[in-house]
Amino acid sequence: MAGLDYNALVEMIRNNIADVMTDPFYDGYDIEVTNEMQFLEKKEGYRNRIYIVVKFAPATTFFGQTVLSFTVTAISEHNHCFVCQKLLSDYAQKYNLEQADYIQQIYETPSVILNFNEVYEGFAAVMAMSGTFVIAKDIARISFEYIYTDEDGNEQPPETVNAITNYCQFNNDVDSQAFYGTHDIADSIARIGSFSCGLSTYLFNNSQLIKDCLKLVQLAQKDATPLANIDKKFKIVVHFGDMLAMTVDMKLISFNSEGSLGDLPIVSISFAK
């Protein structure tokens, strides 16, 4: 586990929490974040300060990645805990599954461990939140963005597609018979190349990609004229980590949805060049 910098990870958590606290709701409150190996002598406690300690569990090293679990323990502001609870909840919702350089962050929502703890001249609650860092310095992750235009024809900023699973596939149709009968050994000649990609995601009602796909799926007509051209081009940006970002005009090939009682509906979308 050489190169695993715990202090840098604590600093990242501190910066993330500080970013959440830019919300005016947290005006008048501050934080102090340390790891479990730091011992601070406190002569007084500030009523509106939230003290946070990060405790790391043993890491598991796989081929190409390290999985490190940890617990964020917080001592709330004095005499109530709703600010601390909201802070940790907002943090988990904002940064869960977020990618920071080569680190993927996974968080659970916080829970109250203890209440009515006497701290200096007041009472505070102890709250805990579990998290996991998936650290992969040499692994490039595949991600998708969708570039679309609004009703006025203006191109909008790329929409990040939150995929559960994804794939990319390149096929090259070769012909090895071009010189059959004239050479004992013949090299294959590439004839047709094709590129396709696809993803599975939840049926988000705010996804522009899903909305545009549904316009084609419904095959709607008005006065016997189709409202959407099934030959529509979708401008998809495929990222292979930092190695390559390719923008491709693609056609919708398939759109499959699946849902069951108690589960969120999932759609699988495939495109081809």
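Structure: see above.
Described in the following lines is the structure provided in the data block.

**With respect to the overall build of the protein**
No. 1: Looking only at helices and strands, one finds 3 helices and 17 strands in the protein.
No. 2: Each of the 273 residues in the protein was classed as buried or not, and the buried ones make up 33%.
No. 3: On the protein, roughly 17400 Å² of surface is accessible, and the fraction owed to carbon and sulfur atoms is 51%.

**Some thoughts on the pattern of salt bridges**
No. 1: The final tally for this structure, using the stated rule, is 8 salt bridges.
No. 2: Two residues, Arg49 and Asp30, come together in a salt bridge whose shortest N-O distance is 2.9 Å. Of this pair, Arg49 sits in strand β2 (residues 49–56) while Asp30 sits in strand β1 (residues 30–35), and the two are 19 residues apart along the sequence.
No. 3: A salt bridge links Lys251 to Asp231; the shortest N-O distance between them is 2.8 Å. Separated by 20 residues along the polypeptide, Lys251 in strand β16 (residues 244–258) and Asp231 in the loop between β14 (225–226) and β15 (233–240) bring together distant segments of the chain.
No. 4: Residue Lys251 is classed as partly exposed on the basis of its relative accessible area of 24%.
No. 5: Look at Asp231 and you get partly exposed, because its relative accessible area is 46%.

**Details of unusual backbone geometry**
No. 1: We note that Leu97 has phi near 70°; this positive angle belongs to a residue other than glycine.
No. 2: Counting through the fold element by element, Leu97 comes out in the loop between α2 (82–95) and β5 (99–100).

**Digging into the pairing of strand β6 (residues 103–107)**
No. 1: Counting buried residues in β6 gives 4 out of 5 residues, a clear majority hidden from the surface.
No. 2: Two strands pair when backbone bridges link them, and β5 and β6 are joined in this way by 2 bridges, in the antiparallel orientation. What sits directly across from Ala100, in β6, is Ile103.
No. 3: Connecting the antiparallel pair β5 and β6 is a turn made up of 2 residues, with Asp101 showing a positive phi of about 55°.

**A few points about the nonpolar core**
No. 1: Ranked by size, the top nonpolar core spans 32 residues in total, and within it Tyr107 and Phe133 carry the most contacts.
No. 2: If you list the elements that add at least two residues to this core, you get α1 (6–20), β1, β2, β4 (65–75), α2, β6 and β8 (122–135).
No. 3: Ranked by residues supplied to this core, first place goes to α2 with 7 residues.
No. 4: Phe133 has contacts with Leu9, Met12, Ile13, Thr66, Val67, Leu68, Phe70, Ile103, Gln104, Gln105 and Tyr107, leaving out every residue within four places of it along the chain.
No. 5: Counting residues in each nonpolar core, the second largest holds 21 residues, with Phe144, Tyr146, Ile236 and Val248 among its members.

**Side note on the environment of Asp212**
No. 1: Structurally, Asp212 is set in helix α3 (residues 208–217).
No. 2: It is 9.2 Å that separates the C-alpha atoms of Asp212 and Ala228, two residues lying 16 residues apart in sequence.
No. 3: If we ignore the near neighbours within four places in the chain, the residues touching Asp212 are Tyr146, Tyr148, Lys232 and Phe234.

Thresholds applied
Once a new chain begins, its residue numbering starts again from 1 and follows that chain's sequence as written. Local features in this predicted model are restricted to residues of pLDDT 70 or higher, and side-chain atom pairs are both shown and tallied only at a pLDDT of 80 or more, whereas totals for entire chains, interfaces and linings draw on every residue. Processing note: side-chain calculations cover all non-hydrogen atoms of the structure and skip hydrogens and water entirely. Helix and strand labels come from DSSP, where a helix needs a run of H or I of at least four residues and a strand needs a run of E of at least two; each type is numbered from the N terminus. For each residue, the accessible area found with a 1.4 Å probe, counting protein chains only, is set against the maximum for its type, and the residue is called buried under 20%, exposed over 50%, and partly exposed in between. To be clear on the numbers: accessible area is Shrake-Rupley with a 1.4 Å probe, and residue cover counts the displayed protein chains and nothing else. Any carboxyl oxygen of Asp or Glu that lies within 4 Å of a side-chain nitrogen of Lys or Arg is treated as forming a salt bridge with it. Here a strand pair is declared whenever DSSP counts at least two bridges between the two strands. Throughout this description, the term nonpolar core refers to a set of buried Ala, Val, Leu, Ile, Met, Phe, Trp, Tyr and Cys residues connected via side-chain atoms within 4.5 Å. Residues are treated as being in contact if the distance between any of their heavy atoms lies within 4.5 Å.

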